[in-house]
Amino acid sequence: MKVLVATQKPFAAAAVAGIKKIVEEAGHTLALLEKYADQADLEAAVADADALIVRSDKVTAQVVAAAKNLKIVVRAGAGYDNLDLEACTAAKVVAMNTPGQNANAVAELAIAMMIYMSRNQFTPGTGCEVQGKKVGIQAYGNVGRLVAQKAKALGMEVMAFDPFVPAEKMVAEGVTPASSLEDMYKACNFVSLHIPAIPATIGSIGANLLKLLPKGGCLVNTARKEVINEPELAAILAEREDLKYITDVAASNQAELDEKFGKRVFATPKKMGAETAEANINAGLAAANQICDFFATGCTRFQLNK
Ligand code: 3PG
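As a starting point, this report considers the structure included with it.

Each value, and the rule that gives it
- Residues numbered from 1 in each chain as written.
- Predicted model: local features only at pLDDT ≥ 70, side-chain atom pairs only at ≥ 80, totals over all residues.
- Heavy atoms only, no water.
- Helix = DSSP H or I, 4+ residues; strand = E, 2+ residues; numbered from the N terminus.
- Rg over C-alpha atoms; globule rule 2.2 N^0.38 Å.
- Buried < 20%, exposed > 50% of the residue type's maximum accessible area, 1.4 Å probe, protein only.
- Contact = heavy atoms within 4.5 Å.
- Areas by Shrake-Rupley, 256 points an atom, 1.4 Å probe, with all protein chains shown as cover.
- Lys, Arg positive; Asp, Glu negative; His and termini not counted.
- Charge placed at Lys NZ, Arg CZ, Asp CG, Glu CD.
- Pairing = 2+ DSSP bridges.
- Axes fitted to C-alpha atoms, helices over the stretch in contact; angles between N-to-C directions.
- Near = heavy atom within 4 Å.
- Polar contact = N/O pair within 3.5 Å; in protein donor to acceptor, adjacent residues only side chain to side chain.
- Core = buried A, V, L, I, M, F, W, Y, C linked by side-chain atoms within 4.5 Å.
- Right-handed = clockwise from strand over helix to strand, strands pointing away.
- Phe/Tyr/Trp six-rings, centres within 6.5 Å; stacked < 30°, edge-to-face > 60°.

**So, the overall build of the chain**
- Per the secondary structure count, the chain includes 12 helices and 12 strands.
- Computed over the C-alpha atoms, the radius of gyration of the chain is 20 Å, within 12% of the 19 Å expected from 2.2 N^0.38 for a compact globule of 306 residues.
- Per-residue burial over the chain gives 50% buried out of 306 residues.
- In the chain, the share of contacts with a sequence separation of at least 24, taken over all contacts with a separation of at least 6, comes to 64%.
- Working note: accessible area of the chain is about 13700 Å², and carbon and sulfur atoms make up 55% of it.
- In the chain, the 32 positive side-chain charges and the 33 negative ones have mean positions that sit 3 Å from each other.

What follows is the structure, encoded as structure tokens:
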């Protein structure tokens, strides 16, 4: 079988070497398409692939249609809003992700972002400490739980809101369950977003929530820009001169935010939450193993389009 790794944002070399070893030891061949310029390059490269590993690369209906031999696509990472699951299902292509594999890297970045904003983006002047502050975790999944653990180690108080996680589990882990999102935003100096971009969440973080943050409150977004109501974010930052926003995914109106709000906002130049060698190795090797298991035994653990 031919396994194509197609990554506009390449994996670390050690991850590629590990993927190659797993794939070849299982008797398959590996092809690599990195830093490609255009979707057409992906469509051409996938034409004879049996399996595909991607990161945030867009696996559109056109890509699926171009991939006549494709049997499985694995998103090496958590969020799968870049996969057209309907097109995969229609073409009988199994789609998977690798949940949790890059979670630690993203959690570390979320914590770093809280400290960066507390220290005025490392510019001279008096900042503040995160110890003793309260962070609200919006979605207590793989990343959210790790942010909670690290925040507690820093002496922060942690709240979380997640309708899909039992309150007892949060309590057992030293986290205060919020009875509503509104209550969490009201109580927390930082809110850290860990929700996926799905119809229910897209555009859901707007003025109605952000206005509830206490004085100096900061929203930390290592999730997806699509979950933010961007015009409302700009409006509330203008109205509340104390609020801050830091994001790993530049807003569509980031230039406007940067110009108007200066050091109260920050966006990484390119999404870097999962940009560690460790996360690349964990997610990349998991993807390779999932593909080899699928071909060897038909295992469909982590299938998204069941
Ligand atoms: C994810 O959903 O796993 C993260 O956003 C990482 O995405 P990336 O592989 O494009 O860095």
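So that's the structure; there's more coming.
**Observations regarding the sheet that holds strand S6 (residues 134-138)**
- Reading across from one edge, S8-S7-S6-S9-S10-S11-S12 is the order of the seven strands in this open sheet, with parallel pairing throughout. Looking along the sheet, the strands with just one partner apiece sit at the ends: strand S8 (176-177) and strand S12 (265-267).
- Where S6 meets strand S9 (residues 190-193), four bridges bridge the pair, whose relative direction is parallel. Bridging from a neighbouring strand, Gly 136 pairs with Val 191 of S9.
- This element, helix H5 (residues 103-118), spans S6, S9, strand S10 (218-221), strand S11 (244-247) and S12 of the sheet and lies at about 145° to S11.

**Points about the site of the ligand**
- Near the ligand the following residues occur: Lys 9, Arg 55, Ser 56, Arg 75, Gly 77, Ala 78, Gly 79, Asn 102, Arg 224, Lys 271 and Ala 274.
- Lys 9 places a side-chain nitrogen or oxygen 2.8 Å from an oxygen atom of the ligand.
- In the model, an oxygen atom of the ligand is placed 2.9 Å from a nitrogen or oxygen of the Arg 55 side chain.
- When isolated, the ligand has an accessible area of 320 Å², and the protein chains bury 95% of it.

**Here's the deal with the nonpolar core**
- If you look at the biggest cluster of nonpolar residues, it comprises 30 residues, and the most contacted ones within it are Tyr 185, Leu 193, Ile 205, Leu 219 and Leu 257.
- Elements represented by at least two residues in this core include exactly strand S7 (157-161), helix H8 (181-187), S9, helix H9 (207-210), helix H10 (230-239) and helix H11 (254-261).
- In terms of residue count, H10 provides more of this core than any other element does, four residues in total.
- Contact partners of Leu 193, with chain neighbours within four places excluded, come to Gln 138, Tyr 185, Ile 205, Leu 219, Val 220, Asn 221, Thr 222, Ala 223, Val 227 and Ile 228.
- Core analysis: the next-biggest nonpolar cluster, separate from the first, contains 28 residues, Val 135, Val 143, Val 147 and Phe 190 among them.

**A few points about the pairing of S6**
- Within S6, four of the five residues are buried, leaving the element largely enclosed by the surrounding structure.
- As paired strands, S6 and S7 are joined by five bridges and run parallel to one another. The residue bridging Val 135 from the neighbouring strand is Val 158, located in S7.
- Each parallel crossover has a hand, and for S6 linked through helix H6 (residues 142-153) to S7 it is right-handed.

**What about unusual backbone geometry?**
- Phi angles above zero are rare outside glycine, and Asn 120 is one such case at about 50°.
- When you line up the elements, Asn 120 lands in the loop between H5 and S6.
- The phi torsion at Phe 122 lies on the positive side, around 60°, for a residue other than glycine.
- Tracing the backbone shows Phe 122 in the loop between H5 and S6.

**Some details on the environment of Tyr 140**
- Mapped onto the elements, Tyr 140 comes out in the loop between S6 and H6.
- Put simply, Tyr 140 and Asp 162 are 22 residues apart on the chain and 5.7 Å apart in space, counted from C-alpha to C-alpha.
- With residues near it in sequence (within four places) discarded, Tyr 140 still touches Arg 145, Ala 148, Ala 160, Phe 161, Asp 162, Val 165, Met 170, Glu 173 and Val 175.

**Some points on the packing of aromatic side chains**
- Tallying each qualifying case throughout the model produces three aromatic pairs.
- When the ring of Tyr 116 is compared with that of Phe 122, the centres are 4.9 Å apart and the planes differ by 85°; the resulting orientation is edge-to-face.
- Seen in terms of ring centroids, Phe 294 and Phe 295 are 5.6 Å apart; in terms of plane orientation they differ by 55°. Their pairing is tilted.
- An aromatic cluster of three or more residues is present, and its members are Tyr 116, Phe 122 and Phe 266.

**Some words on the sheet that holds strand S5 (residues 94-97)**
- Strand order in the open sheet formed by five strands is S2-S1-S3-S4-S5, and the pairing between neighbours is parallel. Of all the strands in the sheet, the pair left with one neighbour each is strand S2 (29-34) and S5. Ignoring strand direction, the axes of neighbouring strands in this sheet form an average angle of 15°.
- Inspection of the sheet shows strand S4 (residues 72-75) paired to S5 by four bridges, in the parallel sense. Bridging from a neighbouring strand, Ile 72 pairs with Val 94 of S5.
- Seen against the sheet, helix H1 (residues 13-25) touches strand S1 (2-7), S2 and strand S3 (51-54) and runs at an angle of roughly 155° to S2.

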